[in-house]
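If you want the building blocks of each chain, they are given just below.
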Amino acid sequence: MSDCLFCKIVAGEIPAELLYEDDHVVAFKDINPQAPMHHLIIPKKHISTINDLTINDEALIGKMYLAAKALAEKEGVEDDGYRTVMNCGESGGQTVFHIHLHVLAGRNMQWPPG
Ligand code: AMP
Ligand code: ZN
């Protein structure tokens, strides 16, 4: 998608603080962190929302969660705990329409979320 912000990060056209990359996913620091650790994990392939997932993306979603686990271990927050969030659609709080898994840690998370 030529006008997608996160596709541009994948392509290296917009800078980001990259943390992890493999053939399928990229992780980078959120530009407006909501916790001491706030990372985003995205698929390299453009998928607009959770509603656009198909059975072919089953493994890809698993890879995103395994990347979240690896990042938590790398940051040493796996025992203390962390929050993973994937917003869907406007009312779900999604502002960038290329799916992304938020990984937040370093403070006590509240429930229910706002
Ligand atoms: P969401 O509201 O769930 O769609 O989350 C979008 C996230 O992308 C927000 O937390 C933003 O701070 C983050 N974001 C927007 N632009 C950038 C960027 N250029 N680099 C890193 N994170 C970004
Ligand atoms: Zn995209």
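The notes below deal with the structure included here. Please read all numbers here as calculations on a predicted model, not as lab measurements.

### Observations regarding the overall build of the protein chain
Per the secondary structure count, the protein chain includes two helices and five strands. Mapped in sequence order, the helices and strands of the protein chain form the string α-β-β-β-α-β-β. Over its C-alpha atoms the protein chain spans a radius of gyration of 14 Å, differing by no more than 12% from the 13 Å that the globule rule assigns to 114 residues. Judged by the C-alpha coordinates and their principal axes, the protein chain covers about 35 × 30 × 30 Å. Looking at the protein chain as a whole, 34% of its 114 residues are labelled buried.

### Description of the pairing of strand 5 (residues 101–105)
The element strand 5 is extensively covered by neighbouring structure, given that five of its five residues are classed as buried. In strand 5, alternate side chains face the same way, and those of Leu101, Val103 and Ala105 on one face and His102 and Leu104 on the other are all buried. In the sheet, strand 3 (residues 37–43) pairs with strand 5 via five bridges, with the strands oriented antiparallel. Across the sheet, the residue bridging to His38 is Leu104, located in strand 5.

### Looking at a negative patch on the surface
Together, Glu73, Glu78, Asp79 and Asp80 make up a region of like negative charge exposed at the surface. Along the chain, Glu78 turns up in the loop between helix 2 (58–75) and strand 4 (83–85).

### Section: the site of ligand 1
Close to ligand 1 lie 16 residues, the nearest being Asp30, Asn87, Gly93, Thr95 and His102. Here Val96 contributes a backbone N or O atom positioned 3.0 Å from an oxygen atom of ligand 1. Interatomic distance of 2.8 Å between a side-chain N/O atom of His102 and an oxygen atom of ligand 1. Compared with its free state, where it exposes 510 Å², ligand 1 has 84% of that area covered by protein. Within the residue set of the shell around ligand 1, elements represented by two or more residues are helix 1 (5–11) and strand 2 (25–29). No other element matches the three residues that helix 1 contributes to the shell around ligand 1. Taken together, the residues of the shell around ligand 1 sort by class into seven nonpolar, seven polar and two charged.

### Structural notes on the coordination of the zinc ion (ligand 2)
Donor atoms from the polypeptide that bind the zinc ion (ligand 2) are Cys4 (SG), Cys7 (SG), His46 (ND1) and His98 (ND1), placed at 2.0 to 2.3 Å. Taken together, the four donor atoms coordinating the zinc ion (ligand 2) and their angles of 105 to 117 degrees define a geometry best described as tetrahedral.

### A word on the sheet that holds strand 3
Ordered in space as 1-2-3-5-4, the five strands form an open sheet in which the pairing is antiparallel. Looking at which strands have only one partner, the edges of the open sheet turn out to be strand 1 (18–21) and strand 4. Within the sheet, the average angular offset between the axes of one strand and its neighbour, ignoring direction, is 20 degrees. Where strand 4 lies against strand 5, three bridges are found, and the strand directions are antiparallel. Each bridged residue has a counterpart across the sheet, and for Val85 the counterpart in strand 5 is His102. Of the strands in this sheet, strand 1, strand 2, strand 3, strand 4 and strand 5 are in contact with helix 2, which crosses strand 3 at around 155 degrees.

Rules used in this analysis
Residues numbered from 1 in each chain as written. Chains lettered and ligands numbered in written order. Predicted model: local features only at pLDDT ≥ 70, side-chain atom pairs only at ≥ 80, totals over all residues. Heavy atoms only, no water. Helix = DSSP H or I, 4+ residues; strand = E, 2+ residues; numbered from the N terminus. Rg over C-alpha atoms; globule rule 2.2 N^0.38 Å. Buried < 20%, exposed > 50% of the residue type's maximum accessible area, 1.4 Å probe, protein only. Pairing = 2+ DSSP bridges. Patch = residues over 30% accessible without salt bridge, like charges linked within 9 Å, V, L, I, M, F, W, Y side chains within 5 Å. Areas by Shrake-Rupley, 256 points an atom, 1.4 Å probe, with all protein chains shown as cover. Salt bridge = Lys/Arg side-chain N within 4 Å of Asp/Glu carboxyl O. Lys, Arg positive; Asp, Glu negative; His and termini not counted. Charge placed at Lys NZ, Arg CZ, Asp CG, Glu CD. Near = heavy atom within 4 Å. Polar contact = N/O pair within 3.5 Å; in protein donor to acceptor, adjacent residues only side chain to side chain. Nonpolar A, V, L, I, M, F, W, Y, C, P; charged D, E, K, R; others polar. Donors = N, O, S within 2.8 Å, 3.2 Å for Na, K, Ca; no water. Tetrahedral: all angles 85-135°; square planar, octahedral: opposite > 155°, others 65-115°. Axes fitted to C-alpha atoms, helices over the stretch in contact; angles between N-to-C directions. Contact = heavy atoms within 4.5 Å.

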